[in-house]
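# A look at the structure
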Amino acid sequence: GAGVSQSPSNKVTEKGKDVELRCDPISGHTALYWYRQRLGQGLEFLIYFQGNSAPDKSGLPSDRFSAERTGESVSTLTIQRTQQEDSAVYLCASSLLAGTDTQYFGPGTRLTVL
Amino acid sequence: AQSVAQPEDQVNVAEGNPLTVKCTYSVSGNPYLFWYVQYPNRGLQFLLKYITGDNLVKGSYGFEAEFNKSQTSFHLKKPSALVSDSALYFCAVRDGVYGGATNKLIFGTGTLLAVQP
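So, here's what we can say about the structure.

How each quantity is defined
- Residues numbered from 1 in each chain as written.
- Chains lettered and ligands numbered in written order.
- Predicted model: local features only at pLDDT ≥ 70, side-chain atom pairs only at ≥ 80, totals over all residues.
- Heavy atoms only, no water.
- Salt bridge = Lys/Arg side-chain N within 4 Å of Asp/Glu carboxyl O.
- Buried < 20%, exposed > 50% of the residue type's maximum accessible area, 1.4 Å probe, protein only.
- Contact = heavy atoms within 4.5 Å.
- Buried area = accessible area lost by both parts, 1.4 Å probe.
- Polar contact = N/O pair within 3.5 Å; in protein donor to acceptor, adjacent residues only side chain to side chain.
- Helix = DSSP H or I, 4+ residues; strand = E, 2+ residues; numbered from the N terminus.
- Nonpolar A, V, L, I, M, F, W, Y, C, P; charged D, E, K, R; others polar.
- Pairing = 2+ DSSP bridges.
- 1 Å grid on protein atoms, 1.4 Å probe; cavity = no way out; pocket = protein on both sides within 12 Å on 5 of 7 lines; lining within 4 Å.
- Points joined across faces, edges and corners; volume = space filled by probe spheres on them.

### Here we look at the pattern of salt bridges
Applying the stated rule across the entire model yields eight salt bridges over all chains. Where Asp85 of chain B meets Lys78 of chain B, a salt bridge forms, and the shortest distance between an N and an O atom there is 2.8 Å. Look at Asp85 of chain B and you get buried, because its relative accessible area is 3%. By relative accessible area, which is 8% here, Lys78 of chain B ends up buried. What emerges from the salt-bridge pattern is a single network uniting Arg36, Arg38 and Glu44 of chain A.

What follows is the structure, given as structure tokens:
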């Protein structure tokens, strides 16, 4: 079946502009996660959605970052007034449930802020 | 706080030789451990996980990992390396209590595996 998809695959923007990144999870997966991977580094957790529960936003680095999820489907990560340090690959993952269920990752969006 | 460490930035091995990629963890409570692989310009692919039960976990592409509670380790192994195994490998531990609000993965910094022909 279809895996996690993300769009765009690449995004180049100018400092100060806003960007929106999209994630389509695997159908039926109730949990959705956003991570950030900076060049040469591991993944940093950003935000987690589980069903209708309040999202865990504890990993968002600043108030310029926000995310929404429509029901148990698409999620959008928005970065306002982008800065050069926001340049990274943004990865989305979904799992059937939370807990110990395996998280399946999308291919990522490579964001470059000039 | 939960954490994982991957002490080697890079591991070099000749094709056909056994490989080991090291991971140690620090958790409060039961550890839930994962290995992922990342090929260039690709997302992460799940290899295997340890939740409970047998200490030796078998996963995709012939990889396995051994959970060692006394040494707090979860090393990834493969009996015979292939050139196509060359990639970036990440160990991760799940944060939070099962059913709790937080279920994010905490990742190590990654180990680059280079298999020479």
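### As for the interface of chain B and chain A
Taken together, the contact between chain B and chain A spans 22 residues of the former and 20 residues of the latter. When chain B packs against chain A, the two sides together hide about 1700 Å² of surface, and 56% of this comes from carbon and sulfur. Ranking the residues of chain B by area buried against chain A places Leu44, Asn103 and Lys104 of chain B at the top, with a combined share of 27%. Our count for the chain B to chain A interface comes out at four residue pairs in polar contact (both at pLDDT 80 or more). Of all the elements in the fold, those that place two or more residues in the side of chain B that touches chain A are β5 (33-38), β6 (44-50), β10 (87-94) and β11 (105-107) of chain B. Residues belonging to the side of chain B that touches chain A are distributed by class as follows: eleven nonpolar, seven polar and four charged.

### Here we look at unusual backbone geometry
Along the chain, Ser7 of chain A connects to Pro8 of chain A via a cis peptide bond; the corresponding omega equals -10 degrees. Position of Pro8 of chain A relative to the elements: it lies in the loop between β1 (5-7) and β2 (10-13). Phi is positive for Tyr61 of chain B, which is not a glycine, with a value near 55 degrees. Following the sequence through the fold, Tyr61 of chain B ends up in the loop between β7 (56-58) and β8 (64-68). For Tyr61 of chain B, a relative accessible area of 48% translates into the label partly exposed.

### Some remarks on the pairing of strand β4 (residues 31-37) of chain A
Residues and elements named next belong to chain A. Along β4, seven of the seven residues are buried, which leaves the element largely enclosed by surrounding structure. Every second residue of β4 is oriented toward a common face, with Ala31, Tyr33, Tyr35 and Gln37 on one face and Leu32, Trp34 and Arg36 on the other, all of them buried. Bridge analysis of β4 against strand β5 (residues 43-50) gives seven bridges, and the strand direction is antiparallel. If you follow Tyr33 over to β5, its bridge partner there is Tyr48. Connecting β4 to the antiparallel partner β5 that follows it, the hairpin turn spans five residues, and Gly40 within it adopts a positive phi of roughly 75 degrees.

### With respect to the layout of surface pockets
There is about 620 Å³ of room inside the largest pocket. Looking at the largest pocket, it is lined by 31 residues, and the ones nearest its centre are Gln37, Val89 and Arg110 of chain A together with Gln38 and Asn41 of chain B. Elements with a contribution of two residues or more to the lining of the largest pocket: β8 (88-95) and β10 (109-113) of chain A together with β10 and β12 (111-116) of chain B. Residues that form the lining of the largest pocket fall into these classes: twelve nonpolar, 15 polar and four charged.

### Examining the environment of Lys78 of chain B
Residues and elements named next belong to chain B. Note on placement: Lys78 falls in strand β9 (residues 73-78). Note: C-alpha distance between Lys78 and Thr109 (31 residues apart in sequence) is 20 Å. Contact partners of Lys78, with chain neighbours within four places excluded, come to Pro18, Leu19, Tyr61, Gly62, Phe63 and Asp85. Of the polar contacts made by the side chain of Lys78, one reaches the backbone oxygen of Tyr61; its length is 3.1 Å.

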